[in-house]
Amino acid sequence: MLLAILLPFLSFILRGKIITGIICLILQITLIGWLPAAIWAALSLNNARADKRNDKLIQAMKDNRK
């Protein structure tokens, strides 16, 4: 999460979202754009973690039915 705030573009690139990371870097280059880029990266990371948790829960529910 700290990486998403300090270096938002790197957060996207490390997760394999290269184009999004480049767009975020362009936004981050301006001082005014850094704050929205950091918020965008933090929210995106949070959503990715929530999706991963949901996938694990769905898989556990499917395994429990068998």
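Structure shown above.
Now for a description of the structure that goes with this document. As the structure is a prediction and not an experimental result, all values here were calculated from the model. (Residues numbered from 1 in each chain as written. Predicted model: local features only at pLDDT ≥ 70, side-chain atom pairs only at ≥ 80, totals over all residues. Heavy atoms only, no water.)

As a packed pair, helix 3 (residues 18-29) and helix 4 (residues 31-65) sit with axes 5 Å apart at the nearest point and diverge in direction by 145 degrees. Together, Thr20, Ile23, Cys24, Leu27, Gln28 and Ile29 of helix 3 and Leu31, Gly33, Trp34, Pro36, Ala37 and Trp40 of helix 4 make up the contact between the two elements. (Axes fitted to C-alpha atoms, helices over the stretch in contact; angles between N-to-C directions. Helix = DSSP H or I, 4+ residues; strand = E, 2+ residues; numbered from the N terminus. Contact = heavy atoms within 4.5 Å.)

Attention now goes to the side chain of glutamine 28. When you line up the elements, glutamine 28 lands in helix 3. Here phenylalanine 9 takes part through its backbone nitrogen, which lies 3.5 Å from a polar atom of the side chain of glutamine 28. Dropping the residues within four chain positions of it, glutamine 28 is found in contact with Leu6, Leu7, Pro8, Phe9, Gly33, Trp34 and Ala37. (Polar contact = N/O pair within 3.5 Å; in protein donor to acceptor, adjacent residues only side chain to side chain.)

This part takes up the packing of aromatic side chains. One pass over the structure, following the stated rule, counts one aromatic pair. Aromatic pair phenylalanine 12 and tryptophan 40: ring centres 4.9 Å apart, planes at 50 degrees, arrangement tilted. In this pair, phenylalanine 12 is assigned in helix 2 (residues 8-14) and tryptophan 40 in helix 4, connecting sequence segments 28 residues apart. The exposure class assigned to phenylalanine 12 is buried, which follows from its relative accessible area of 1%. (Phe/Tyr/Trp six-rings, centres within 6.5 Å; stacked < 30°, edge-to-face > 60°. Buried < 20%, exposed > 50% of the residue type's maximum accessible area, 1.4 Å probe, protein only.)

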